[in-house]
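One letter stands for each residue in the lines below.
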Amino acid sequence: QVQLVESGGGLVQAGGSLRLSCAASGRTLSTKTMGWFRQAPGKGREFVARITWSGGSTYYSDSVKGRFTISRDNAKATVYLQMNSLKPEDTAVYYCAASARMIVVSSDVQYWGQGTQVTVSS
């Protein structure tokens, strides 16, 4: 089992920045990729970004490309999501995800964090 704990959410004005953290514990060596998803009220869970533990290969959704940056610290088993130029439409609960597979969609995810709220005011 892998446990994921997110932190760093909050309320920010449009144009501002936030950094989310996701600390992984347990059988982290069984995972290949880490990622972030988000879910706005009344909508499905949406892929945001992913990164591989080995090599640090990244991939972003078009909606956040150029504004968000995913990174990892292997020694701390922690993944970060730096969010800049935030927009009101970025408002959602953000979930950390881990998998032994390459994360493309939510069905690829084996482990989920509890979620952290990000609210962007206009």
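Refer to the preceding data block for the structure.
Cut-offs used in this document
- Residues numbered from 1 in each chain as written.
- Predicted model: local features only at pLDDT ≥ 70, side-chain atom pairs only at ≥ 80, totals over all residues.
- Heavy atoms only, no water.
- Buried < 20%, exposed > 50% of the residue type's maximum accessible area, 1.4 Å probe, protein only.
- Helix = DSSP H or I, 4+ residues; strand = E, 2+ residues; numbered from the N terminus.
- Pairing = 2+ DSSP bridges.
- Patch = residues over 30% accessible without salt bridge, like charges linked within 9 Å, V, L, I, M, F, W, Y side chains within 5 Å.
- Areas by Shrake-Rupley, 256 points an atom, 1.4 Å probe, with all protein chains shown as cover.
- Salt bridge = Lys/Arg side-chain N within 4 Å of Asp/Glu carboxyl O.
- Axes fitted to C-alpha atoms, helices over the stretch in contact; angles between N-to-C directions.
- Disulfide = S-S within 2.5 Å.
- Phe/Tyr/Trp six-rings, centres within 6.5 Å; stacked < 30°, edge-to-face > 60°.
- Lys NZ or Arg CZ within 6 Å of the ring centre and 35° of its normal.
- Core = buried A, V, L, I, M, F, W, Y, C linked by side-chain atoms within 4.5 Å.

> Would you mind showing me how to read the pairing of strand S1 (residues 2–7) here?
In the case of a regular strand, side chains alternate between the two sheet surfaces. Burial of the side chains of S1 is restricted to one face: Val2, Leu4 and Glu6 are buried, whereas none of Gln3, Val5 and Ser7 on the reverse face is. With 6 bridges joining them, S1 and strand S3 (residues 18–26) adopt antiparallel strand pairing. When the bridges of S3 are listed, Ser7 appears paired with Ser21.

> What exactly am I supposed to notice about a nonpolar patch on the surface here?
A contiguous nonpolar patch, built from Met102, Val104 and Val105 and spanning about 220 Å² of accessible area, is present on the exposed surface. Its place among the elements puts Val105 in the loop between strand S9 (92–99) and strand S10 (111–112).

> I keep staring at the pairing of strand S8 (residues 78–83) and nothing clicks. Help me out?
Across the 6 residues of S8, 5 count as buried, placing the element largely inside the fold. Direction of pairing for S3 relative to S8: antiparallel, over a ladder of 6 bridges. Note on S8: the bridge partner recorded for Ala23 is Thr78. A loop of 4 residues connects strand S7 (residues 68–73) with S8, the two strands running antiparallel in sequence, and Ala77 in this loop sits at a positive phi of about 50°.

> Would you mind going over the sheet that holds S8 with me for this structure?
Sheets are built from strands paired through backbone hydrogen bonds, the pairs being either parallel or antiparallel. Taken in spatial order, the 4 strands of this open sheet run S1-S3-S8-S7, and their pairing is antiparallel. For this open sheet the edge positions go to S1 and S7, each flanked by a neighbour on one side alone. In this sheet, neighbouring strand axes are inclined to one another by 20° on average, regardless of whether the strands run parallel or antiparallel.

> Sorry if this is basic, but what is going on with the state of the cysteines here?
Cysteine pairs can be covalently joined through their sulfur atoms, and such a bond is termed a disulfide. What the rule picks out here adds up to 1 disulfide. A disulfide bridge connects Cys22 with Cys96, and the sulfur atoms are separated by 2.0 Å. Between Cys22 and Cys96 the disulfide shows an S-S torsion of about -80°. By sign, it is left-handed. Pair noted here: Cys22 is in strand S3 and Cys96 is in strand S9, with a separation of 74 residues, a long-range link. For the pair shown, Cys22 and Cys96 are each scored as buried.

> Just to check I follow, could you spell out the packing of aromatic side chains for this structure?
The geometry of two aromatic rings is summed up by the distance between their centres and the angle between their planes. Under the defined criterion, the tally for this structure stands at 4 aromatic pairs. Counting every residue linked through ring pairs, the aromatic cluster contains Phe37, Phe47, Tyr59, Tyr95 and Trp112. The ring of Tyr95 carries the charged tip of Arg45 above its face, separated from the ring centre by 3.7 Å. Between the NZ or CZ atom of Arg45 and the centre of the ring of Trp112, over which it lies, the distance is 4.5 Å.

> Help me understand the environment of Tyr95 in this model?
Looking at the element boundaries, Tyr95 is found in strand S9. For Tyr95, a relative accessible area of 14% gives the class buried. Once the C-alpha coordinates of Tyr95 and Leu20 are considered, the two residues, 75 residues apart in sequence, prove to be 9.8 Å apart.

> Would you take a moment to explain the nonpolar core for this structure?
Within soluble globular proteins, side chains that are nonpolar tend to cluster in buried spots. Core analysis: the largest hydrophobic core is formed by 29 residues, its most contacted members being Leu4, Met34, Trp36, Leu81, Met83 and Tyr94. Of all the secondary-structure elements, those providing two or more residues to this core are S1, S3, strand S4 (33–39), strand S5 (46–52), S7, S8, S9 and strand S11 (116–121). Among the nonpolar cores identified, the runner-up in size contains 5 residues, and Phe37, Phe47, Ala97 and Ile103 belong to it.

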